[in-house]
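One-letter residues, chain by chain:
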Amino acid sequence: MSNSCGLLTIQKEPVPLKSIEVELEVRDHVATVVSTLNYENKEDKPLEAVFVFPLPGDAAVCHFSAQIGQTQIIAVVKEKQQAHEEYDDALSSGQQAFLLEESEQSPDIFTLNVGSLPPGESASIRLEYVTELAVQADDGLRFCLPAVLNPRYQPQGSEGASVQVTSVPASLVPYSLSFSVRVSSPRPVSKVESSSSLEPLQYVNTEQTQATVKLAAGHKFDRDVELLIYYKDAHQPTAVVEAGQASAEPGSLMGDPVVMLSLYPEFPQSVMSSLASCGEFVLLLDRSGSMDFLMSGGKQTETRIASARDTLMLLLKSLPMGCYFNIYSFGSSFQHIFPKSVEYSEKSLEEALKIVEAIQADLGGTEILEPLKHIYSQPCIPNQPRQLFVFTDGEVCNTKEVINLVKKNSGSHRCFSFGIGEGASSALINGLAKEGGGHAQFITGSDKMQPKVMQSLRFALHPAMEDISVTWDLPKGVSVTVLSPPITAIFQGQRTLIYAQLTGLSSEVAEGCVTMQYSLEGHPSQNQLHFTLKPAEDTGLTIHRLGARTLICSLEMEERYGEGNEKVVELSVHSGVSSSYTAFIVVNKGNGEPIRGPLLCRHIPTLDIFLKSGLMSFYEEDPWSSIIGKSVKKKVKSVFSRIGKYFKSVSPQSDRKQTSAETFACSDAVIEPEQPPPRDPLLQLVSLQKASGCWLLDPALAAAVGKTSDEVENTKPPSVNQEVWATILALIWLHGFKMDAKQEWELLAMKAVSWLRAQSACEAECVEAGNTLLGCEVQRNVLGL
């Protein structure tokens, strides 16, 4: 190599990518992201740079251009094979070309090829995408700039080539990132929080409806850049009409106006306060090697698998009597506790918890498809709606195949998904929930897993909305074509988005109305939204592009059942929005002089969260070269086996395990884990609750509430039995000392109250004595008694 100075890859090759500049503009709940990638060739030969990077799975990539010197060239969308041929032809003839394409296996991975960059020349690549921001439990809007791309695990025997990812540890990412944000909304912006360090929020106007913020200098590529944006008023239903593109043909998607409806249905409190006492709860847990990594990139001492164990315990304790449940785990193989779902009882709960406490991240890869197939092959239990909870930090190459399987079975269950840690595939997590009629959650940064999971459990226990329909009332001569798929799930406090094309809309100011109807526990209900049909100003084509992306995703799903992809290609080319069947291509014909010399290829590295300091200790010099082609110790093998084809020496087949319940946690041959840290007092108390909802009066309970056995026993009112006294003490302790974690224990407390009511106990005397003992002042009505 002639030039070894400047930025280098882990293989000591120069890196042509020097910096990434990201500008984020948030308008209410829609984000427009403009990324500029600056390249420079400091070698003495022309080169091709290949950069594989993540984007949000539902992003609509709508612009791609290259700036070479003073010349800007804008790319066009073409059918993928045609784009590849034009790119290859350009390079072979000595021309410059730039290619951007979405992975066919997963819509959250893109590959950017910068071809024939001459020695000493620079190029700036600009790409733009728009995306919707998800509403969080605390009404915050979540934006994530994916900075972590972990190699995707390719299951044995799966078809298609996986995306080649070149990854390095965070400390060796050889380019810089700048990130600036502008937020505007009809409502005041109250705050912006982030998992990364931000400069102070700056308000642009006195109404505080516009604000700017920047990523603080010195960002380390050790996590995704996550933002939470909060407005001062709760989210309200809105409708925004966007005018069509003047140059597009009237009657086409881009030529007609498009409306975006944001609905926040409100349900009767009497219905929402009642929770189901039935259901089949199937919990599917990732036990691949990477689940042994620390939460939040190393800030917390708890591993992902340890947090998952605590979460499963909390979730199991919160299930209602009368339901059914089972727990699956997966890696290179899968296991289940029971041959089929069993009725929730003290016996089945104790058996499950005993196994959950022993589970480890020891199952190798991330093969999620087979356990899902097994779950769906099990017959549903009459009058017990199936609720599937999926916990994974994983990245798989067959994302679309997995989501397709969930969609095919969406009529028999709801799927709630949880992405754990940095780099979890947004396409996989969001896709599972969207097609399964459930809800998606991401646990990153300093997030606790438990409250997010309990929110989803509450969603699962709420009555399901049935017979959901949407009707439109529009002026005469105006017709509507809905671009969004049919609505299959509505949750309290969560946004429902609908995109629709409006044909025949005149310039006269008029009003439209949309009505969402549904049945809730047999009672018909509806929500209405009246809106103006006057197009909004300054939205550009953002809503058109989001609508086009929504329709493209639906068509891609349909195409998998049929033949051909002509509809997707036509819509993608017409709208200028990416799809898995098309690519952005731009060729710089320049001054006609061909670029001479052999073409070098440089793969731009991204951060792999697996190659951080905790793992680097195994390999002091070069973690990649130390693995490829060599035998790997068992512990390291379980960590890296999920990376699949990138580590040729690791074969998931070699770690196949039986799928019987007896081997779920290798309970007969478990290597004793290291002494765990002291358990959280809340989890300690929760672990003592019985399936029925009560607590027993014993030394463990006394210790959990911070008292001795004598203190607890001697203050018990004489007329009250021990279980009632213990249960009331536990409830008082929760309300008196753990109100900040109420979302975590609220469901199991409701179960305890139901048990107490069935005992016809003397509650007033107990509550008074309990308050005196624990030093609290919790009223009976607060406890729910």
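Residues numbered from 1 in each chain as written. Predicted model: local features only at pLDDT ≥ 70, side-chain atom pairs only at ≥ 80, totals over all residues. Heavy atoms only, no water.

Caption draft 1: A look at the nonpolar core. By size, the foremost hydrophobic cluster in this structure holds 83 residues, and its most contacted members are Leu316, Phe389 and Phe391. Among the elements that take part in this core, helix α17 (residues 722-737) stands out by supplying 10 residues, more than any other. Apart from the residues lying within four places of it in its own chain, the contact partners of Phe389 are Phe281, Val282, Leu283, Leu284, Leu315, Phe416, Phe418, Val453, Ser456, Leu457 and Ala460. Leu37, Phe98, Val135 and Val225 belong to the second-largest nonpolar core, a separate cluster that totals 52 residues. (Core = buried A, V, L, I, M, F, W, Y, C linked by side-chain atoms within 4.5 Å. Buried < 20%, exposed > 50% of the residue type's maximum accessible area, 1.4 Å probe, protein only. Helix = DSSP H or I, 4+ residues; strand = E, 2+ residues; numbered from the N terminus. Contact = heavy atoms within 4.5 Å.)

Caption draft 2: A look at helix α1 (residues 80-92). With 13 residues, α1 extends 18 Å between its outermost C-alpha atoms, agreeing within 8% with the 18 Å of an ideal straight helix rising 1.5 Å per residue. Buried residues of α1: Lys80, Ala83, Tyr87, Ala90 and Leu91, and no others. Down the axis of α1, the smallest arc covering the buried residues is 95°, so these residues share one side. Pointing more than 90 degrees away from the buried face of α1 are the exposed residues Asp89 and Ser92. (Expected span 1.5 Å × (residues − 1). Arc of directions from axis to C-beta.)

Caption draft 3: Spatial organisation of the packing of α17 against helix α18 (residues 742-759). Put simply, α17 and α18 touch, their axes get as near as 10 Å, and they point 150° apart. As for how α17 packs across α18, the hand of that crossing is left-handed. Contacts between α17 and α18 involve Glu723, Val724, Thr727, Ile728, Leu731, Leu734 and His735 on the former and, on the latter, Trp745, Leu748, Ala749, Ala752, Val753, Trp755, Leu756 and Gln759. Looking at side-chain class alone, the contact of α17 with α18 contains 11 nonpolar, three polar and one charged residues. (Axes fitted to C-alpha atoms, helices over the stretch in contact; angles between N-to-C directions. Left-handed = near helix turned anticlockwise from the far one by under 90°. Nonpolar A, V, L, I, M, F, W, Y, C, P; charged D, E, K, R; others polar.)

Caption draft 4: Expanded view of the packing of aromatic side chains. Applying the stated criterion to the full structure yields 11 aromatic pairs. Geometrically, the ring pair formed by Phe325 and Phe338 is edge-to-face, given 5.7 Å between the ring centres and 90° between the ring planes. Here Phe338 lies in the loop between β22 (334-336) and β23 (342-343) and Phe325 lies in strand β21 (residues 324-330), a separation of 13 residues in the sequence. Residue classification places Phe325 among the buried positions, given a relative accessible area of 0%. On the numbers, 5.9 Å between centres and 20° between planes, the contact of Phe389 with Phe418 is stacked. Separated by 29 residues along the polypeptide, Phe389 in strand β24 (residues 386-392) and Phe418 in strand β25 (residues 413-420) bring together distant segments of the chain. On the basis of relative accessible area, Phe389 is assigned to the buried category, the value being 0%. The ring of Tyr230 carries the charged tip of Lys191 above its face, separated from the ring centre by 4.7 Å. (Phe/Tyr/Trp six-rings, centres within 6.5 Å; stacked < 30°, edge-to-face > 60°. Lys NZ or Arg CZ within 6 Å of the ring centre and 35° of its normal.)

Caption draft 5: Spatial organisation of the sheet that holds strand β2 (residues 30-40). The eight strands are arranged β5-β4-β9-β2-β1-β13-β16-β15 in an open sheet whose pairing can be described as mixed. Either end of the sheet is taken by a strand with one partner, and the two such strands are β5 (71-74) and β15 (202-203). One ladder, built from nine bridges, connects strand β1 (residues 17-27) with strand β13 (residues 176-184); its direction is parallel. Following the sheet pairing, Val26 is matched in β13 by Val183. (Pairing = 2+ DSSP bridges.)

Caption draft 6: The arrangement of helix α7 (residues 426-435) in detail. Judged by how many residues are buried, α7 sits mostly within the fold: eight of 10 residues are covered. Those residues of α7 that fall on the buried side of the exposure criterion are Ser426, Ala427, Leu428, Ile429, Gly431, Leu432, Ala433 and Glu435. Backbone geometry just downstream of α7 places Gly437 in the positive-phi region, at approximately 65°.

Caption draft 7: Here's a closer look at the confidence of the model for the protein. Per-residue pLDDT for the protein averages 81, and the proportion of residues at 70 or more is 81%. Note on residues 1-10: pLDDT under 50 across the span, and 27 contacts to partners over four residues away in sequence or across chains. (pLDDT = per-residue confidence, 0-100.)

Caption draft 8: Fine view of the sheet that holds strand β29 (residues 496-503). Strand order in the open sheet formed by four strands is β18-β19-β29-β28, and the pairing between neighbours is antiparallel. The sheet is open, and its two edges are formed by β18 (238-242) and β28 (479-482), each paired on a single side. On average, each strand axis in the sheet is inclined to that of its neighbour by 25°, with strand direction left out of account. Strand direction decides the pairing type here: β28 and β29, joined by four bridges, are antiparallel. Residue Val482 lies in a different strand from β29, and its bridge partner there is Ala500.

Caption draft 9: Representation of a negative patch on the surface. Side chains of Glu79, Glu85, Asp88 and Asp89 sit close together on the surface and give a patch of like negative charge. A relative accessible area of 51% places Asp89 in the exposed class. (Patch = residues over 30% accessible without salt bridge, like charges linked within 9 Å, V, L, I, M, F, W, Y side chains within 5 Å. Areas by Shrake-Rupley, 256 points an atom, 1.4 Å probe, with all protein chains shown as cover. Salt bridge = Lys/Arg side-chain N within 4 Å of Asp/Glu carboxyl O. Lys, Arg positive; Asp, Glu negative; His and termini not counted. Charge placed at Lys NZ, Arg CZ, Asp CG, Glu CD.)

Caption draft 10: Representation of the pattern of salt bridges. Inspection of every chain in the model, using the stated rule, returns 18 salt bridges. Between Asp28 and Arg187 there is a salt bridge; the shortest N-O distance is 2.4 Å. Of this pair, Asp28 sits in the loop between β1 and β2 while Arg187 sits in the loop between β13 and β14 (189-194), and the two are 159 residues apart along the sequence. Grouping residues by exposure puts Asp28 and Arg187 together as buried. A salt bridge links Lys191 to Glu193; the nearest nitrogen and oxygen atoms lie 3.1 Å apart. Among the residues examined, Glu193 registers a relative accessible area of 33% and is labelled partly exposed. Residues joined in a network through salt bridges with shared partners are Glu102, Lys400 and Arg549.

Caption draft 11: Just the packing of helix α3 (residues 304-318) against α18, in detail. At their nearest, the axes of α3 and α18 sit 8 Å apart, and the two run at 30° to each other. The orientation of α3 relative to α18 falls into the category roughly parallel. In the crossing of α3 with α18, the sense of the turn from one axis to the other is left-handed. Of the residues in α18, those touching α3 at Leu314, Lys317 and Ser318 are Glu744, Leu747, Leu748 and Lys751. Across the contact of α3 with α18, the residue classes break down as three nonpolar, one polar and three charged. (Parallel < 35°, antiparallel > 145°, perpendicular 65-115°, else oblique.)

Caption draft 12: Summary view of unusual backbone geometry. At Asp28, a position not held by glycine, the phi torsion is positive, near 55°. Residues other than glycine seldom take positive phi values, yet Gln208 does so here, at roughly 60°. Tracing the chain through its elements places Gln208 in the loop between β15 and β16 (210-214).

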